[in-house]
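Structure assessment
Single-letter residue listing:
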Amino acid sequence: MDRTDEIRDYPELRAAACPFSPPPGYEELRERSAVTRVRMWDGSTPFLVTGYHEARAVLGDSRFSADGTHKGMPRFTKFEVPAEVFNLGRMDDPEHARIRRMLTAHFTIRRTEAMRPMIQGIVDGLLDRLIAEGPPADLVADFAFPLPSQVIAVMLGVSDADFAEFQRASQGVMDFTVSTEEMGAALGVMVDYVSRMCAAKRAAPGDDLLSRLIVDQELTGGLTQQQVVATALVLLLAGHETTANMIALSSVLLLRHPEQLARLRADPGLMPNAVDELLRYITIVQEGTGRVAAEDVEVGGVQIPAGEGLIINLPSANRDPHFADAHELDLGRPNAREHIGFGFGVHQCLGQTLARVELQIALETLLRRLPALRLEVPLDDLAFLYESMNFGVARVPVAW
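My aim in this report is to walk through the structure given alongside it, one point at a time. Per chain, residue numbering runs from 1 following the sequence as it is written. Given that the model is predicted, a residue must reach a pLDDT of at least 70 before its local features are reported, and side-chain atom pairs must reach 80 or more before they are shown or counted; all residues, however, enter totals for whole chains, interfaces and linings. As a rule here, side-chain values cover all heavy atoms of the structure and leave hydrogens and water aside.

Description of the overall build of the protein chain
Inclusion rule: Helix numbering and strand numbering both begin at the N terminus, where a helix is a DSSP run of H or I of at least 4 residues and a strand a DSSP run of E of at least 2. We compute the radius of gyration from the C-alpha atoms alone; for a globule the expected value is 2.2 Å times N to the 0.38, where N is the number of residues. Residue burial is assigned from relative accessible area. The probe radius is 1.4 Å, only protein chains are included, and a residue is buried under 20% of its type maximum, exposed over 50%, and partly exposed in between. Whether two residues are in contact is decided by their heavy atoms: any pair within 4.5 Å suffices. Note on areas: Shrake-Rupley with a 1.4 Å probe; residue coverage comes only from the protein chains shown.
On a plain count of helices and strands, the protein chain comes out with 15 helices and 11 strands. Relative to a compact globule of 400 residues, whose C-alpha radius of gyration would be 21 Å, the protein chain shows 21 Å and is just as compact. Projecting the C-alpha coordinates of the protein chain onto the three principal axes gives extents of approximately 60 × 55 × 40 Å. Counting all 400 residues of the protein chain, 52% fall into the buried class. By sequence separation, contacts in the protein chain at least 24 residues apart represent 73% of the contacts at least 6 residues apart. By element, 53% of the accessible surface of the protein chain is carried by carbon and sulfur atoms, the whole surface being about 17,200 Å².

So this is what it looks like as structure tokens:
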């Protein structure tokens, strides 16, 4: 059935009454039609995709473009993230595939698994300090945020002497409570820092991901200096804030579901599946993923004309009836791994294996070393980041 003439209001973001679930508006739209025209803040009327199978169909179809320069690409806010920050996710093949191939070898399962001792060492060091200082603590500032920051710093080859500056620059970019002007200024600081780091690697390459990009790609003409900087920013932003948010939110969610937490403590081997269920249940990319139809395509019984924009809402798709009792947290869910929290198709998250490993190690070690961990404030008092592109929480006061 073609419903292209019907326009619905774009649903609100998550609400304080139920922070871990997509707003009811998405479910209402999905039950009525998994593909619906909606009106955005700027008056544009893209199609909103809320069903699991329809979302996979769009994300896996090359007839839908990810190119951010398309006129029909949906805009979620007035703030325009500079193209050099998120360029890899806003490209189409063959250029997207060309640059992605340069990075794939650094994120294979084998290489990521080999990083476990390094990640475990960082986790233990953070918890040693947290425990030594005693409760209360902020799980975000003291654990969830610095972990992926230190991991990506090691991968990019940030020296110990430069780490403090790297931390300050990245913290400014990750503060989604600031104004758009402040965010733009923070991005400028981060671009400047990464540019200087690239210049240093160009002069004296090391054994790290950034040096290899410069030596193997930039100096051979595969990438420009600007593209190397942009790629480093993608790795920092895409793999840092999302993982930090997932560690913090997963910890809160487990503490709010004591029966699932007890199940996990009783069976530590459940952790890999538990992490995928947490990724499905929370799905932090809350504003959606944009696409533009390059030609007329039918999705879910709805005709999408060429040039029209689409928003794929991943949280709604991950609560689709494809997952039995989708609104229940089930750490043993048989098909948890089928979630699309990392996207789907050629643009799915490059660092998803690393994110899984970081989450597994962080949660296992946290729960083992702090068996009496508890929230110090009611859930309603937590500062959830409802307005940001990726769902998160600003602070998580805990004690033990």
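What follows picks up the thread again.
Overview of the packing of helix α11 (residues 225–256) against helix α15 (residues 352–369)
Each packed pair of helices is defined by two parameters, the angle between the axes and the distance between the axes. Selection rule: The angle between two axes is taken between their N-to-C directions and runs from 0 to 180 degrees, where each axis is a line fitted to C-alpha atoms and a helix contributes only its stretch in contact. Any angle that falls under 35 degrees is termed roughly parallel, while one over 145 is termed roughly antiparallel, one within 65 to 115 roughly perpendicular, and all others oblique. By convention the crossing between two helices is left-handed if the near helix lies anticlockwise of the far one by an angle smaller than a right angle, and right-handed if it lies clockwise. Each residue is assigned to one class: nonpolar for Ala, Val, Leu, Ile, Met, Phe, Trp, Tyr, Cys and Pro, charged for Asp, Glu, Lys and Arg, and polar for all the others, Gly among them.
Across the interface, α11 lies against α15 with an axial gap of 10 Å and an inter-helix angle of 40°. The angle between the axes of α11 and α15 places the two elements in the oblique class. Here α11 runs over α15; the crossing is right-handed. Facing Thr243, Met246, Ile247, Ser250, Ser251 and Leu254 of α11, the residues of α15 in contact are Ala355, Glu358, Leu359, Ala362, Leu363, Leu366 and Leu367. Looking at the contact of α11 with α15, its residues break down into nine nonpolar, three polar and one charged.

Some points on the environment of Ser316
By secondary structure assignment, the location of Ser316 is in helix α14 (residues 314–317). In this structure, the C-alpha to C-alpha distance between Ser316 and Phe344, residues 28 residues apart in sequence, is 15 Å. In this structure Ser316 touches Pro22, Tyr26, Arg30 and Thr50, once residues within four positions along its chain are discounted.

Side note on the sheet that holds strand β3 (residues 47–49)
To keep things clear, this is the line we draw: Only when DSSP finds a minimum of two bridges between them are two strands counted as paired.
Spatially, the six strands line up as an open sheet ordered β1-β2-β3-β9-β6-β4, and their pairing is mixed. Two strands close off the open sheet at either side, each with one partner strand: β1 (7–9) and β4 (64–65). Its contacts with the sheet place helix α2 (residues 52–59) against β2 (35–39), β3, β4, β6 (289–293) and β9 (309–312), and it is angled at close to 125° to β9.

Here's the deal with the sheet that holds strand β10 (residues 374–375)
For sheets, the rule is that strands pair by backbone hydrogen bonds, running either parallel or antiparallel. Pairing is antiparallel across the open sheet formed by three strands, whose spatial order is β5-β11-β10. Edge strands, defined here as strands with exactly one partner in the open sheet, are β5 (137–138) and β10. Examined bridge by bridge, β10 and strand β11 (residues 397–399) share two bridges and lie antiparallel to one another. Each residue of the ladder has a partner; that of Leu375, found in β11, is Val398.

Remarks on the packing of aromatic side chains
So the rule is basically this: Each aromatic pair joins two rings of Phe, Tyr and Trp (for Trp, the six-membered one) with centres within 6.5 Å, and gets the label stacked for planes under 30 degrees apart, edge-to-face for over 60, and tilted for any other angle.
The full count for this structure, using the stated rule, is seven aromatic pairs. With a centroid separation of 5.8 Å and an interplanar angle of 80°, the aromatic rings of Phe20 and Phe384 are classed as edge-to-face. In this pair, Phe20 is assigned in the loop between β1 and α1 (24–32) and Phe384 in the loop between β10 and β11, connecting sequence segments 364 residues apart. You'll find Phe20 and Phe384 in the same group, each marked buried. Note on Tyr52 and Phe323: the rings are 5.3 Å apart at their centroids and 80° apart in plane angle, and the pair reads as edge-to-face. Of this pair, Tyr52 sits in helix α2 while Phe323 sits in the loop between α14 and α15, and the two are 271 residues apart along the sequence. For Phe323, a relative accessible area of 1% corresponds to the buried category. Ring pairs connect the aromatic residues Phe20, Phe384, Tyr386 and Phe391, which therefore count as one cluster.

Some thoughts on the pattern of salt bridges
What counts, and what does not: Salt bridges are counted wherever a side-chain nitrogen of Lys or Arg sits within 4 Å of a carboxyl oxygen of Asp or Glu.
Under the criterion given, the structure shown has 21 salt bridges. Arg32 is paired through a salt bridge with Glu6; the nearest N and O atoms lie 2.9 Å apart. In this pair, Arg32 is assigned in helix α1 and Glu6 in the segment before β1, connecting sequence segments 26 residues apart. The class for Arg32 is partly exposed, based on a relative accessible area of 42%.

So, the packing of helix α7 (residues 146–156) against α11
Where α7 meets α11, the axes come as close as 8 Å, and the angle between the chain directions of the two elements is 150°. Judged by the inter-axis angle, α7 sits roughly antiparallel to α11. Note that α7 runs across α11; the crossing there is right-handed. Facing α7, whose interface residues are Leu147, Pro148, Ser149, Ile152 and Leu156, α11 presents Leu235, Leu236, Gly239, His240, Thr243, Ala244 and Ile247. Here the contact of α7 with α11 is built from residues that sort into eight nonpolar, four polar and no charged.

Quick look at the nonpolar core
Definition in use: Only buried residues count toward a nonpolar core. Its members are Ala, Val, Leu, Ile, Met, Phe, Trp, Tyr and Cys residues joined through side-chain atoms within 4.5 Å.
By size, the foremost hydrophobic cluster in this structure holds 91 residues, and its most contacted members are Phe20, Ile119, Phe143, Leu147, Phe384 and Val396. With 15 residues, α11 is the single largest residue contributor to this core. Excluding anything up to four places from it in sequence, Phe384 contacts Pro19, Phe20, Leu249, Leu379, Phe391, Gly392 and Val393. One finds Phe47, Val49, Phe64 and Leu314 within the second-largest nonpolar core, a separate group that totals 20 residues.

Topic: the side chain of Arg319
Short version of the rule: In this tally Asp and Glu are treated as negative and Lys and Arg as positive; neither His nor the chain ends contributes.
Within the secondary structure, Arg319 is located in the loop between α14 and α15. Buried within the structure, Arg319 lacks any salt-bridge partner; its nearest side chain of opposite charge belongs to Glu27, at an N-O separation of 7.2 Å. Ignoring anything within four residues of it in the chain, the contact list for Arg319 reads Phe20, Ser21, Pro22, Arg30, Arg280, Tyr281, Ala326 and His327.

Some details on the side chain of Thr231
Within the fold, Thr231 resides in helix α11. Ignoring any residue separated from it by four or fewer positions in sequence, one finds Thr231 in contact with Ile99, Leu103 and Leu213.

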